[in-house]
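Each chain, letter by letter, is given below.
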Amino acid sequence: MSWLTFVGPTGPLVSHLAILGVMPRPRSPLSRLFTVLLAGLLAGLALAVAALPGNLLAGFATRSVLGAFADLPAALRTPATPQRSYVYANDGTTLLTTFYDVNRTDVPLAEIAPVMRQAIVAIEDRRFYSHGGADLRGLARALVANAAGGAAQGGSTLTMQYVRNVLKTDPSRTAAERAAATEQTVGRKLQEIRYATALEKTLGKDEILNRYLNIAYFGSGAYGIAAASQRYFAKAPADLTLGEAALLAGLVQSPEEYSPIDGDADAALTRRGQVLDAMADTGVITAAQAAQVRAEKLTLRPTAQPNGCTATRADGAGFFCDYLRRWWLEQPAFGATAEEREQALRRGGYRVVTSLDPDVQATAVEEVRKVYAADDERALPIAAVEPGTGRVLAMAVNRQYGVGENQTVNPLVSGGGSVEGYQAGSTFKLFTMLAALESGRTLSTGFDAPSRLPTRYPAEGEASCDGRWCPANANPARMDGYRMMWDGFGRSVNTYFVWLAEQVGQDKVVEMAQRLGIRFRADADASFAENDAADWGAFTLGVAATTPLDLANAYATVAAEGTYCTPTPVESVTAPDGTRLPVGDPSCKRVLSRDVARAATDAARCPVGQQSAYEQCNGGTASGVDRIVGRPVAGKTGSSERNATETFVGFTPQVAVAGIAANPDDPSDAVGGPVQAQVIAAVARTIRSAVEGEPVRDFTAPSRELAGEPRRPEPPRPSPSPRERQPERERELPADILRWLQGRRG
């Protein structure tokens, strides 16, 4: 309960203002006697003033009220109280988490149970609907009671308490100004009365009551009635019962002491009884109702509101939440600086509907944990992106997001901070193919690919042929020979694509990757791209670090027939007043011609076991994807040097998904070739989940001009022996069957 101040005579009498709560109490008996006499005098004066005719009082107060209204702080005119921001999945109902410094959410008065309104008025300010902001009778009553040494009483009205709460929490004020709002001084109390009186002249009683209930502190971290209802009873304020409302109303006098969660539950019940008695005294309930509720046991349903990304409710969504927060801090709509944007997220009361699809996210999390356990030092981050919008549908990794043991807050899926990314191997051949197609070459561009291809780039070691870089095909029996883009891409022929990149120009390939959103976070990669792109011979083999999110979005650009969209984690952001902010809408532009994108897609049908529009696919490195997805799909595998990482990215017209198996903390720790089959299956099943229930859409065939002159399909080859057939079959098999076969051989 707030304390009392009253402005009286100056001079020696000021030393006795202890009864007003602004100075220490006199200690001597004589001083105490003088204090009581002074209290009686002032109380009589207050009652006399209260008895004056209303028009006389109004005339007396007009000048003061107008002066107060003129300098009324903006926060009192238009509330700027900190509120919790809510973050939802793309269905708008699945709560992912909330962000707050102060656990508060404003609600209109109509959404607060009438018994709650009645309870707070009865216990805190029963003359609320009859006074003009400062209750002279209440001041006098509290003055006499305090001076007589009885139980401490406050003389502040609900309006005065509201003023104090606003000024001490106004985010636009400095820390010193907020602290001054609770100083026990006569000047501060006088200002509080002036502001309260001015508010009563400009706002209706219900509006003031609503504002008060939305800002009052109810203990246990809950500010405002909405947060308190959830914190103590896990319900909306509209659903509060009489007993629950009485308990909450009783907390505001001493929130930490009375809180039944963090304080004294018995004291809370005693205080609840006092509120019920007050309600009975004012006639809003009967004495029988008060007695009945007083006999009820205290039943709580404590609910802690999640705060931040470590508290996300959707399994594994912490990494997506972290990406959302990083995105938020880059948006000028939320402030001029990163600090202001962070404050907006935690205090602005926004409703954020993200792009996260709960079903796709759940599938992705399930799939990555089939490959690696949560405590495994290796990781499989996966990202899913919607072509044509850039909306991020899922971000999953087997690790737990957090700061505990076997947890991490590093952005393993999206990159940033210390995470530069991972080599994605032959998935980068897409950029060489696109650059070649854009330069006028056709899908039927042929080359007799050798097992090893000497180039003009200096090199040493195993990859050197007479001092020149000399890349090799991983499987000469399946890769060597005359190849075109279709089967060169389908069989992932290194020497074909290194040759093709030389024909096009390495700098054109690097520029293509950047055009489709590949970011070079590693300093060495960024330096190559800026200064030595024309001599970056190995770029087409995926030696630059990337992330699953960048890779998925690059392939989504091809799926969208050449339309690049900036990745976004949100569907909409709405302010507390219902205004939708201009952020999160798709930001797209054409970066490829439709025909070039369609041609690249046609070749990307080959790796996944499907057939191109011109029937030029004759083998793929991930042919089992066709059976898993069961609809038109395209994609590409990638293995880095010595199988340090294993990658697969696949797409349909509706979704693109990429996954990269790696050891984020130790690039020298090779995950090994056998894990590729598991990565392929995890990504393919995530694609299947994303398109489940969606109409089947086929890819559009490229023009004859870009196809060129396809060769006739090769006649069927003799069936290979079991020994020759084993490796490719294993790449197609699910992980559990693969492990069974390996055990049988062992």
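The rules behind each value
- Here, residues in each chain are numbered from 1, in the same order as that chain's written sequence.
- Reporting in this predicted model follows two pLDDT cut-offs: at least 70 for local features of residues, and 80 or more for side-chain atom pairs to be given and counted; totals over whole chains, interfaces and linings ignore these cut-offs and use all residues.
- Think of the side-chain values as coming from all heavy atoms in the structure, minus any hydrogens and water.
- Secondary structure follows DSSP: runs of H or I at least 4 residues long count as helices, runs of E at least 2 residues long count as strands, and numbering of each begins at the N terminus.
- Two residues form a contact once any of their heavy atoms are found within 4.5 Å.
- Categorising residues by exposure relies on relative accessible area from a 1.4 Å probe, with only protein chains included: less than 20% of the type maximum marks a residue as buried, more than 50% marks it as exposed, and the intermediate range marks it as partly exposed.
- Paired strands, as defined in this entry, are two strands with at least two bridges between them according to DSSP.
- Think of a salt bridge as a Lys or Arg side-chain nitrogen and an Asp or Glu carboxyl oxygen that are within 4 Å of each other.
- Only C-alpha atoms enter the line fits that serve as axes; for helices the fit covers just the stretch in contact. Angles between N-to-C directions range over 0 to 180 degrees.
- Think of a nonpolar core as a cluster: buried Ala, Val, Leu, Ile, Met, Phe, Trp, Tyr and Cys residues, connected wherever their side-chain atoms sit within 4.5 Å.
- Working definition: a disulfide is two cysteine sulfur atoms within 2.5 Å of each other.
- Note on aromatic pairs: the rings of Phe, Tyr and Trp (six-membered ring only in Trp) are paired at centre separations within 6.5 Å, and the planes decide the class, stacked below 30 degrees, edge-to-face beyond 60, tilted for the rest.
- We call a charge positioned above a ring when the Lys NZ or Arg CZ atom is no farther than 6 Å from the ring centre and deviates by at most 35 degrees from the ring normal.
- Angular relationships are summarised with four words: roughly parallel below 35 degrees, roughly antiparallel beyond 145, roughly perpendicular across 65 to 115, and oblique for the angles in between.
- For this scheme, ten residues count as nonpolar: Ala, Val, Leu, Ile, Met, Phe, Trp, Tyr, Cys and Pro. Four count as charged, namely Asp, Glu, Lys and Arg, and the remainder, Gly too, count as polar.
- A residue's pLDDT is the predictor's confidence in that residue, given on a scale from 0 to 100.
- Pairing of N or O atoms within 3.5 Å defines a polar contact, subject to two protein rules: one partner must be a possible hydrogen donor and the other a possible acceptor, and residues neighboring in sequence count only if both atoms are side-chain atoms.
- For a helix, the expected span equals 1.5 Å multiplied by the number of residues minus one.

A.B. asks: Help me understand the overall build of the protein chain, please; the structure alone is not making it clear to me.
C.D. replies: In terms of helices and strands, the protein chain carries 30 helices and 19 strands. Intrachain contacts of the protein chain at a sequence separation of at least 6 include 71% that bridge at least 24 residues.

A.B. asks: Any chance you could explain the pairing of strand S1 (residues 85–88) here in plain terms?
C.D. replies: For a regular strand, side chains alternate in direction, first toward one face of the sheet and then toward the other. Of the two faces of S1, the one carrying Ser85 and Val87 and the one carrying Tyr86 and Tyr88 are both buried. With 4 bridges joining them, S1 and strand S2 (residues 95–99) adopt antiparallel strand pairing. By the bridge assignment, valine 87 is partnered in S2 with threonine 97. Where S1 folds back on S2, the antiparallel hairpin that results is connected by 6 residues, among which glycine 92 adopts a positive phi of roughly 75°. Strand direction decides the pairing type here: S1 and strand S3 (residues 351–354), joined by 3 bridges, are parallel.

A.B. asks: How do you make sense of the pattern of salt bridges when you look at a structure like this?
C.D. replies: Should the charged atoms of two oppositely charged side chains come close, the side chains can pair. According to the stated counting rule, one finds 27 salt bridges in the structure shown. Across the pair arginine 346 and glutamate 342 runs a salt bridge, and its minimum N-O distance is 2.9 Å. Of this pair, arginine 346 and glutamate 342 both sit in helix H16 (residues 338–347), 4 residues apart, which is roughly one turn of that helix. Salt-bridge contacts for arginine 515 lead to glutamate 438; the nearest nitrogen and oxygen are separated by 2.8 Å. One end of the pair, arginine 515, is in helix H22 (residues 506–515); the other, glutamate 438, is in helix H18 (residues 429–438), with 77 residues separating them in the sequence. Residue arginine 515 is classed as partly exposed on the basis of its relative accessible area, which comes to 21%.

A.B. asks: Where do I start with the sheet that holds strand S15 (residues 570–574) in this structure?
C.D. replies: Sheets are built from strands that pair by backbone hydrogen bonding, the pairs being arranged parallel or antiparallel. Across the sheet, 4 strands lie side by side as S2-S1-S3-S15; this open sheet has mixed pairing. Of all the strands in the sheet, the pair left with one neighbour each is S2 and S15. Between one strand axis and the next, the sheet turns through 15° on average, direction left out of account. Lying over the sheet, helix H15 (residues 318–328) contacts S1, S2, S3 and S15, oriented at roughly 120° with respect to S3.

A.B. asks: Just to check I follow, could you spell out the nonpolar core for this structure?
C.D. replies: Proteins that are soluble and globular tend to have nonpolar side chains buried together. In this structure, Trp328, Phe431 and Met433 are the most contacted members of the largest nonpolar core, which totals 110 residues. Apart from residues lying up to four places away in sequence, phenylalanine 431 is in contact with Val509, Met512, Ala513, Leu516, Ile518 and Ala554. In terms of nonpolar packing, the next biggest core, distinct from the first, is built from 58 residues, Val166, Leu167, Ala198 and Leu247 among them.

A.B. asks: Got a minute to help me understand the state of the cysteines in this structure?
C.D. replies: A covalent bond between the sulfur atoms of two cysteines is what we call a disulfide. A complete count under the given rule lists 4 disulfides for this structure. Here cysteine 606 engages in a disulfide with cysteine 617; their sulfurs sit 2.0 Å apart. Since a negative S-S torsion denotes a left-handed disulfide, the cysteine 606-cysteine 617 link at about -75° is left-handed. Of this pair, cysteine 606 sits in the loop between helix H25 (594–604) and helix H26 (625–629) while cysteine 617 sits in the loop between H25 and H26; the two residues are 11 residues apart in sequence, bridging distant segments of the chain.

A.B. asks: Teacher, can you tell me more about the pairing of strand S17 (residues 634–639) here?
C.D. replies: Extensive coverage of S17 is indicated by the burial of 5 of its 6 residues. Pairing of S17 with strand S18 (residues 646–651), which is carried by 6 bridges, proceeds in the antiparallel orientation. The residue of S18 that forms the bridge with serine 639 is glutamate 646. Between S17 and S18, which pair antiparallel one after the other, the connecting turn spans 6 residues, and arginine 642 there sits at a positive phi close to 60°.

A.B. asks: Teacher, can you tell me more about the packing of aromatic side chains here?
C.D. replies: Here a ring pair, both rings aromatic, is described through the centre-centre distance and the interplanar angle of the planes. Tallied over the full model, the rule gives 23 aromatic pairs. With a centroid separation of 4.3 Å and 5° between ring planes, the pair formed by phenylalanine 447 and tryptophan 499 is classed as stacked. Placement of the pair is phenylalanine 447 in strand S9 (residues 447–449) and tryptophan 499 in helix H21 (residues 494–504), with a sequence separation of 52 residues. Given the relative accessible area of 16%, tryptophan 499 is considered buried. Connected via pairs of aromatic rings, a cluster forms that spans Phe428, Phe431, Phe520, Phe528, Trp536 and Phe539. Lysine 636 extends its terminal NZ or CZ atom over the ring of phenylalanine 489, reaching a point 5.6 Å from the ring centre.

A.B. asks: I'm lost on the packing of helix H4 (residues 114–124) against helix H9 (residues 205–215) in this one. Help?
C.D. replies: The relative placement of two packed helices comes down to the angle between their axes together with the axis-to-axis distance. Running from N to C, H4 and H9 point in directions that differ by 90°, and their axes come no closer than 11 Å. As judged from the angle between their axes, H4 and H9 are roughly perpendicular. Within the contact between the two elements, H4 uses Met116, Arg117, Ile120, Val121 and Glu124 and H9 uses Leu209, Tyr212 and Leu213. Residues that form the contact of H4 with H9 fall into these classes: 6 nonpolar, no polar and 2 charged.

A.B. asks: Explain the sheet that holds strand S4 (residues 382–385) here, please?
C.D. replies: Taken together, the 5 strands give an open sheet; going across it, the order is S5-S4-S19-S18-S17, and neighbouring strands pair in antiparallel fashion. At either margin of the open sheet sits one strand with a lone partner, and together these are strand S5 (392–396) and S17. The average angle at which neighbouring strand axes cross in this sheet is 5°, direction not considered. Looking at chain direction, S18 and strand S19 (residues 656–661) are connected through 6 bridges and run antiparallel. Counted as the bridge partner of glutamate 646 is alanine 661 from S19.

A.B. asks: Whenever I open this one, the confidence of the model for the protein chain confuses me. Can you help?
C.D. replies: Atom-level detail of predicted coordinates should not be read off regions where pLDDT is low. Of the residues in the protein chain, 83% reach a pLDDT of 70 or more, and the chain-wide mean stands at 85. Residue range residues 1–66 is modelled with pLDDT below 50. Its contacts to residues more than four positions away, or to other chains, number 92 contacts. Across residues 719–746, where pLDDT falls below 50, the model places 24 contacts with residues more than four positions away in sequence or in other chains.

A.B. asks: Would you explain the environment of glutamate 561 in this entry?
C.D. replies: The residue glutamate 561 is located in the loop between helix H24 (548–559) and strand S14 (563–565) in this model. Those residues within four positions of glutamate 561 in sequence are excluded, and the remaining contacts are Arg590, Leu592, Ser593, Arg594, Ala597, Arg598 and Thr700. Within polar-contact distance, the side chain of glutamate 561 engages the side chain of arginine 598 at 2.9 Å.

A.B. asks: Please explain the environment of glycine 481 as it appears in this structure.
C.D. replies: Looking at the element boundaries, glycine 481 is found in strand S12 (residues 481–483). Residues glycine 481 and glycine 446 lie 35 residues apart in sequence; the distance between their C-alpha atoms is 10.0 Å.

A.B. asks: Got a minute to help me understand helix H13 (residues 265–282) in this structure?
C.D. replies: Every α-helical turn comprises 3.6 residues, leaving residues that sit three or four positions apart pointing alike. The end-to-end C-alpha distance of H13, which contains 18 residues, comes to 26 Å, matching closely the 26 Å that a straight helix rising 1.5 Å per residue would cover. Those residues of H13 that sit buried are Ala267, Ala268, Arg271, Arg272, Gly273, Val275, Leu276, Ala278 and Met279. Tucked inside the fold, the buried residues of H13 contact H4, helix H11 (242–251), helix H12 (255–258) and helix H14 (287–294). A side-chain oxygen of the first residue of H13 lies 3.0 Å from the backbone nitrogen of aspartate 266; this N-cap is aspartate 264.

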